[in-house]
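Below, each chain spelled out in residue letters.
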Amino acid sequence: MRRIFAQFLKELSQFQRDRLTVALAFLLPLAVLLIYGYAIRLEAKNIPLSIQDFDNSQLSRGYVERIFASQQFVPAPLLDNDPTLAIDRGIAKATLVIPPDFSRTIKDKDSVEVQVLVDGTDVNNARVIQNGIRATTQFFLRSDNLIPDRPRPQVVAEVRLWFNPGREEAFYIVPGIFGVILWVFPSMLAAIATVREKEQGTIVQIYASDLSAAEWLLGKELAYIAIGIGEALITLVVAALLFGIRIQGDPTPLLVGTIVFLAAAVAFGLFVGVRTGNQTGAVQGTAIAGFLTALLLSGFIYRIDNIPFPLSALSNVIPARYYILITRDALVRGTGWAGVGFAPLAIALIGGFFFFAATRILHRMQFSD
Amino acid sequence: MNFLRRLFSGRLWALIRKETQQILRNKQIVFLLLFPPTVQLLVFGLALNPEVTGLDLGVADYSRSADSRELVAALVENDVFQVSTFEESQAALGDQVRAGRITAGLVIPPDFSQELSENQAAPVQVLVDGVDANTAGIAQGYVEQIVNRYNQGLTTPPSGQPESLPIETQVTFLYNPGLLSSWFFVPGVIGVVLTLTGSLVSSTTVIREKDVGTLEQLLMTPAAGWEILMAKIVPLFVLLLGDVLLASALARLVFDLPFRGNYLLFLGLSALYLFVCIGLGIFLATLAENQQQVVLTSFFFNVPLIQLSGAIAPIESMPPFFRHLSFFDPLRHYVQIARSLILKDVGIDALWVNILALAIFAILFLGVSINRFRAQLS
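Undergrad: When you look at helix α2 (residues 19-39) of chain A in this model, what are you seeing that I'm missing?
TA: Think of an α-helix as 3.6 residues a turn; residues three or four steps apart then line up on the same face. Residue and element names in this part refer to chain A. Counted at 1.5 Å a residue, the expected span for α2 with its 21 residues is 30 Å, and the 29 Å between its end C-alpha atoms agrees. Of all the bends in α2, the greatest reaches close to 25° and is centred on leucine 27; the proline proline 29 follows between one and four positions later. Within α2 the residues assigned to the buried category are Thr21, Leu24, Ala25, Leu28, Pro29, Val32, Leu33, Ile35, Tyr36, Gly37 and Ala39.

Undergrad: I keep staring at the packing of helix α7 (residues 170-199) of chain A against helix α9 (residues 213-243) of chain A and nothing clicks. Help me out?
TA: Helix-helix packing: each pair is described by the crossing angle between the helix axes and the interaxial distance. All names here are of chain A. The N-to-C vectors of α7 and α9 enclose an angle of 150°; their axes lie 10 Å apart at closest approach. Put simply, α7 runs roughly antiparallel to α9. Once α7 is placed against α9, the crossing between them reads as right-handed. Of the residues contributing to the contact of α7 with α9, the split by class is 18 nonpolar, three polar and three charged.

Undergrad: Would you explain the sheet that holds strand β4 (residues 112-119) of chain A in this entry?
TA: As a general point, the strands of a sheet are linked pairwise by backbone hydrogen bonds and lie either parallel or antiparallel. Strand order in the open sheet made by the five strands is β2(A)-β1(A)-β3(A)-β4(A)-β5(B), with mixed pairing throughout. A strand with exactly one partner marks an edge of an open sheet, and here the two such strands are β2 (73-76) of chain A together with β5 (167-174) of chain B. Averaged over all pairs of adjacent strands, the angle between strand axes in this sheet comes to 30°, irrespective of strand direction. Judged from the five bridges that link them, strand β1 (residues 47-53) of chain A and strand β3 (residues 94-98) of chain A form a sheet pairing that is parallel. In the strand pairing of β3 of chain A, isoleucine 51 of chain A is matched with leucine 96 of chain A.

Undergrad: So what exactly am I meant to see when it comes to the sheet that holds strand β2 (residues 81-86) of chain B here?
TA: One open sheet holds the five strands; their spatial order is β5(A)-β4(B)-β3(B)-β1(B)-β2(B), and the pairing between them is mixed. The open sheet has two edge strands with one neighbour each: β5 (154-162) of chain A together with β2 of chain B. For this sheet, the mean angle separating the axes of adjacent strands, direction not counted, is 30°.

Undergrad: Which parts of the structure should I look at to understand the interface of chain B and chain A?
TA: How big an interface is tends to be stated in terms of accessible area lost as the parts join. Counting from both sides, the interface comprises 104 residues of chain B and, opposite them, 107 residues of chain A. Across the interface of chain B and chain A, roughly 9900 Å² is buried in total on both sides, 64% from carbon and sulfur atoms. Here chain B and chain A share four salt bridges between them. A salt bridge links aspartate 129 of chain B to arginine 333 of chain A; the shortest N-O distance between them is 2.7 Å. Where chain B meets chain A, there are 37 residue pairs in polar contact (both at pLDDT 80 or more). Tallying contributions element by element places helix α7 (residues 133-154) of chain B first for the side of chain B that touches chain A, with 18 residues. Here β5 of chain A pairs with strand β4 (residues 121-129) of chain B via nine bridges, running parallel. Opposite arginine 160 of chain A, over in β4 of chain B, you have leucine 127 of chain B as the bridge partner.

Undergrad: Quick question: what am I supposed to make of the domain arrangement of chain A here?
TA: Taken domain by domain, chain A holds domain 1 (2-40 + 169-368) and domain 2 (47-143). Relative placement of domain 1 of chain A and domain 2 of chain A: their C-alpha centres are 49 Å apart.

Cut-offs and rules
- Residues numbered from 1 in each chain as written.
- Chains lettered and ligands numbered in written order.
- Predicted model: local features only at pLDDT ≥ 70, side-chain atom pairs only at ≥ 80, totals over all residues.
- Heavy atoms only, no water.
- Helix = DSSP H or I, 4+ residues; strand = E, 2+ residues; numbered from the N terminus.
- Expected span 1.5 Å × (residues − 1).
- Bend = angle between axes of the 7 residues up to and from the residue.
- Buried < 20%, exposed > 50% of the residue type's maximum accessible area, 1.4 Å probe, protein only.
- Axes fitted to C-alpha atoms, helices over the stretch in contact; angles between N-to-C directions.
- Parallel < 35°, antiparallel > 145°, perpendicular 65-115°, else oblique.
- Left-handed = near helix turned anticlockwise from the far one by under 90°.
- Nonpolar A, V, L, I, M, F, W, Y, C, P; charged D, E, K, R; others polar.
- Pairing = 2+ DSSP bridges.
- Contact = heavy atoms within 4.5 Å.
- Buried area = accessible area lost by both parts, 1.4 Å probe.
- Salt bridge = Lys/Arg side-chain N within 4 Å of Asp/Glu carboxyl O.
- Polar contact = N/O pair within 3.5 Å; in protein donor to acceptor, adjacent residues only side chain to side chain.
- Domains from an automatic or database assignment.

Written out as structure tokens, the structure reads:
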């Protein structure tokens, strides 16, 4: 125990001696938080929409006015009377084409078809545009009493948005950023530190000493967990200040989850460091791989249910996936253990595997050399 | 003529051959050139999907009538929702939403069927987990549309067709009629892959020489600084061009992207973008002392480059400040070019702003990094 603690202290003092690394260790998480927190928004506001109104009647102008009144769309110019040209150029995201017989048909109590051409490149917003135009059209019909009187059996859906009634996207993205930051940086730092000992040959001294592989790794593990806790606190404080994120309800799942998650991240870093010999390029590759999996296979941006089969199986062993469940619950829903009780267990299992594997590898090297 | 003769007579050519051999002999770099781009492209293309289907719906049906079952059937009909649980009470349903086990909950009150038969408005409650704001918004839109359709069905005269609304919106999706998400992401990811691989490989080749100390030996040869650099850039450029071909082959074969624009133009502009990546890589190498620092600093540059490029989340959705900031991101211009040329059939006239921006960035990045490299040489 004392030897582990000595390792821990040695590791920390070595870490704080490298000023550039210290600075980057605490600045990079903040940079990631700022960029992701502010720049990842999925739903477009102020969508440029151009109008081709062949009817140009009072009714059609009223319809157009109603569409822009929703604040979801802003007018964009129509180029050369070609409904698709502005979309080709990226000036408009959609064009609404109102046919010449628009008002006449409606007055005849008949049904008229308006064409909406939508830029399908951005798949998500293509759907948002479709829903938006349909909803405002419905609203226009109702507010102008154009829906024919009918007997009144009417289902009225009262939609309540829980936890996030204003549909703030930051409440979705920011808790997810914790999963990316607290995975990538602690594991990267741990991997670099381990590789450095190999490169500089100081690891041979460890082999020669009677320190066991597990003790050596545990000392490192604890040191980088401590650094990770520092990163977590800074990230949490800045997220609270900038995005108004607060811990909701019981804080213990977040506390336990964070420590377990950091332990798993560091264990992964140690595993990579022990594994890759002294090729720093490989560490770099692994850092990018870890970054991408934490970013892509964790449900950070898009729903995890959308990931297709072979990858969805892989996503089950990505700890960030479980940690993001914990942070979203702790920072937005506030349900507590009832919702996320299994998550720390899953993380601990994966982290334990990496630590065990790292010990095995190191153990073998210790004796074969 | 004189210049050309100098170019291919001996020294530069020999240096280029030396660099190429060195790269190809280094298994690590060959690995970096082939493996990560393939995996990244596949993972990004398959994993990023904003689709809203199969949302888990819980139902608390107090009415237990034919009408209420019909409403549930209408909600699940087009696969946006799937019923995953029936709960006895509204409270139990609420607990399911709170625990994150279902995304939406439908509460049908006991007098639902009675109210409908008395021609009154029959309210139902839909609870939506709003944590995922984007999905919640789209789900809400769908619920409203489905209920509207359902109401239309209710007013159908027993004999006839459901009457259509006075205005029917006919929505056509251009360029990507099936709304395949991979068509949105893959062109952007080609840019991401080139940025990551290009900057990584070029910084590795330069920093290696610094690390091992062979740079000094090169300096003692009669080769000029520009020759050393040219010899470094040319093989990298050719190999990365191979990555462009690899990426477009994957895009074509695996993701079935249409490549509607001029492919040669796409190749040419990708080549232009490669100079930006190489410039970035050399710049990173001049900034750092060793490879560990390259790892950390490359994050500092690559994360904002990728995030502001619109490759992963659309630029139009960003707040205004970041939308404007994105103009200073070379990757943003490349992503726009790639998307336009792969999905739309547009030419230079629609893209000249982006092309100009890429050219400026290429000159700027290469210029700055070459200058720094030369300063460090002397």
